Amino acid sequence: MSQKNESLILFLALLITGSLLGAGYFLFFVFPPKPLLNTNNPSGTLPPTSSPNIAVGSIETRISQGEKVLIASGNLALKQAGVAALASRQYQNAVEQFNAALQQNKNDPEALVYRNNAQILQNNQPFYTIAVSIPIGTSVNTAQEILRGVAQAQMEVNQGGGIAGKSLNVIIVNDDNSPEVAKEVAQKLVNNSEVLGVVGHFGSNTTEAAAPIYEAGKLVLISPTSTSTNISNAGDFIFRTVPSDRFAGSSLSRYLLNKLNLKKAVIFFNSANQYSNSLQTEFTTALSGDGGEIVSIFDIAKPDFNPLQSLEQARQQGAEVIVLTPDSSTIEQALQVVRINRRQLPLLGGDSLYRPETLKVGSDALGMVIAIPWHILANPNSAFAQTANQLWGASVNWRTATAYDATKALVAAITKNPTRTGVQQALSAPDFTPQGATGVIRFLPSGDRNQPLQLVTIEPGNTSGLGYDFVPVP
């Protein structure tokens, strides 16, 4: 065969192959294949569909309105069946499958969001869309805490007649609490003209990295958990329903001076993290201004950090109180300090320590005081708390409450003016005062939440199932 003929045949083969691949690409995204169950695992437990190793550019794998399962928890077989039904436009079946998943595990917020979204399609209802960006791949428990607040607000809005006759549709995004991923997520959401607002992100570093993109795209971002003072005045479209570290630093300083009647503190923090650095700075400023003293500061993220030596040095310098402001990546280092201290010095901490890992330390953590935005035991009779207990079958924490508030704020703003700029203008208005889980939602000109904090302490108890509970400070 001549070289010319061989080249022609090769060209035709490549052309046909390319056409087939193109058709396959089209079919995959228009009619995605039915998700496969793990037949080697009869319990239905699948590995996470997302992880920190996913490439930044793989944004489509991180986004779902019900077309894929992002959180490997709950009854996965039923959730996958609901996803498959939704992909096949069998909306009633999808609702039934997600309802069945919730009957098996009512504490699964992903299943509730997908059920709510499927009901909109089943009833052929018009809707508005918001997104929530959460750290599924790196902190799935925190991600679900935030998502519960969004899901509960969505359910209440849709069951209550919607927003001026339109339902609320929710897009879930996994950003892994990564600043780089969050920037990709932000641009993706900005480019989607249907999205009127975003709840997120989790960490202050992540929110700060993504904020300029939301600002440039004129898309409102409301963080329920990022507290760094760097986010104050980040832009006209950047808000948060959690008080800034300035409030937390001041509250902890007053407790140290007025309740403990002590003055000298040692701080353990992560200098590379915005939240951790912000809280230690605000606490230092507040304590110094009130007449106290910081005798030493230790960076717990350093490779050569030695908790035993650091504590001994701090005691020699006259430290009377230990203040811990770790971020989520340095929790273990902070808890090492707690264990080594053995309740010799009083412990104060930031909201990042409000987690089961802290309670698992046991008696060494007794009496630790933490500043958080909200606690259910301080508000047991509120409508939000009662609905949450019934809906999830368990008590919820502050991250759920502030995420609920962020969603309710977006809903109230969309009600006033369902455009991106309209939402921003409504949130910024002096008379914007909707009721949330943690009280009236009101934003300062900086975008910060104007609200006091709640101090909690660790005491023996059975609510958490760990032998110890966080309870409000009297």
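Residues numbered from 1 in each chain as written. Predicted model: local features only at pLDDT ≥ 70, side-chain atom pairs only at ≥ 80, totals over all residues. Heavy atoms only, no water.

- Under an unreviewed UniProt entry, the name given to the protein is Receptor ligand binding region family protein, and the organism recorded is Planktothrix rubescens CCAP 1459/22.
- One UniProt comment on the protein, placed under Sequence similarities (unreviewed entry), says "Belongs to the leucine-binding protein family." (UniProt positions renumbered as here; feature names shortened; annotations may be inferred.)

## Some thoughts on the packing of aromatic side chains
Turning to step 1, where the next piece is worked out: Following the criterion strictly, the structure yields 8 aromatic pairs and no others.
Turning to step 2, where the next piece is worked out: Each ring, one from phenylalanine 384 and one from tyrosine 404, has its centre 4.7 Å from the other, and the planes form 50°; the classification is tilted. Taken together, the residues phenylalanine 384 in helix H13 (residues 383–392) and tyrosine 404 in helix H14 (residues 398–416) connect sequence positions 20 residues apart. An identical accessibility class is assigned to phenylalanine 384 and tyrosine 404; each is buried.
Turning to step 3, where the next piece is worked out: An aromatic cluster of at least three residues, connected via ring pairs, comprises Phe239, Phe432 and Phe443. (Phe/Tyr/Trp six-rings, centres within 6.5 Å; stacked < 30°, edge-to-face > 60°. Helix = DSSP H or I, 4+ residues; strand = E, 2+ residues; numbered from the N terminus. Buried < 20%, exposed > 50% of the residue type's maximum accessible area, 1.4 Å probe, protein only.)

## Re helix H10 (residues 307–316)
Turning to step 1, where the next piece is worked out: Looking at H10, one finds that the buried residues are Pro307, Ser310, Leu311 and Ala314. Projection of H10 onto a plane perpendicular to its axis shows the buried side chains occupying an angular sector of 95°, all on one side. Exposed residues pointing more than 90 degrees away from the buried face of H10 are listed as Gln309 and Gln316.
Turning to step 2, where the next piece is worked out: Of the surrounding secondary structure, the elements contacted by the buried residues of H10 are strand S7 (264–269), strand S8 (293–299), strand S9 (321–325) and helix H11 (331–341).
Turning to step 3, where the next piece is worked out: Following H10 by one or two positions, glycine 318 has its phi on the positive side, about 95°. (Arc of directions from axis to C-beta. Contact = heavy atoms within 4.5 Å.)

## Focus on unusual backbone geometry
Turning to step 1, where the next piece is worked out: Across the junction of glycine 200 and histidine 201, the peptide omega takes the value -5°, indicating a cis bond.
Turning to step 2, where the next piece is worked out: Inspection of the secondary structure puts histidine 201 in the loop between strand S4 (195–199) and helix H7 (204–217).
Turning to step 3, where the next piece is worked out: With phi around 65°, arginine 89 is a residue other than glycine that occupies positive phi space.
Turning to step 4, where the next piece is worked out: Its place among the elements puts arginine 89 in the loop between helix H2 (76–87) and helix H3 (91–104).
Turning to step 5, where the next piece is worked out: Within the chain, asparagine 233 stands out as a residue other than glycine whose phi angle is a positive 60°.
Turning to step 6, where the next piece is worked out: Tracing the sequence through the fold places asparagine 233 in the loop between strand S5 (221–223) and strand S6 (238–240).

## Notes on the pairing of S8
Turning to step 1, where the next piece is worked out: Counting buried positions over the 7 residues of S8 gives 5, a clear majority of the element.
Turning to step 2, where the next piece is worked out: With 6 bridges connecting them, S7 and S8 associate as parallel partners. When the sheet's bridge partners are listed, isoleucine 267 is paired in S8 with isoleucine 297.
Turning to step 3, where the next piece is worked out: A crossover links S7 with its parallel partner S8, the connecting element being helix H9 (residues 274–289), and its sense is right-handed. (Pairing = 2+ DSSP bridges. Right-handed = clockwise from strand over helix to strand, strands pointing away.)

## Observations regarding the sheet that holds strand S2 (residues 127–134)
Turning to step 1, where the next piece is worked out: Sheet architecture is open: 6 strands sit in the order S1-S3-S2-S4-S5-S6, paired in mixed fashion. Two strands lie at the open edges of the sheet, namely strand S1 (63–64) and S6, each paired on one side alone.
Turning to step 2, where the next piece is worked out: Relative to S6, S5 runs parallel, the two sharing 3 bridges. Residue pairing across strands places isoleucine 222 opposite phenylalanine 239, the latter belonging to S6.
Turning to step 3, where the next piece is worked out: Across the face of the sheet, helix H6 (residues 179–191) comes into contact with S1, S2, strand S3 (167–174) and S4 while running at roughly 150° to S3.
Turning to step 4, where the next piece is worked out: Each of S2, S3, S4 and S5 touches H14; the most contacted strand, S4, lies at about 160° to it. (Axes fitted to C-alpha atoms, helices over the stretch in contact; angles between N-to-C directions.)

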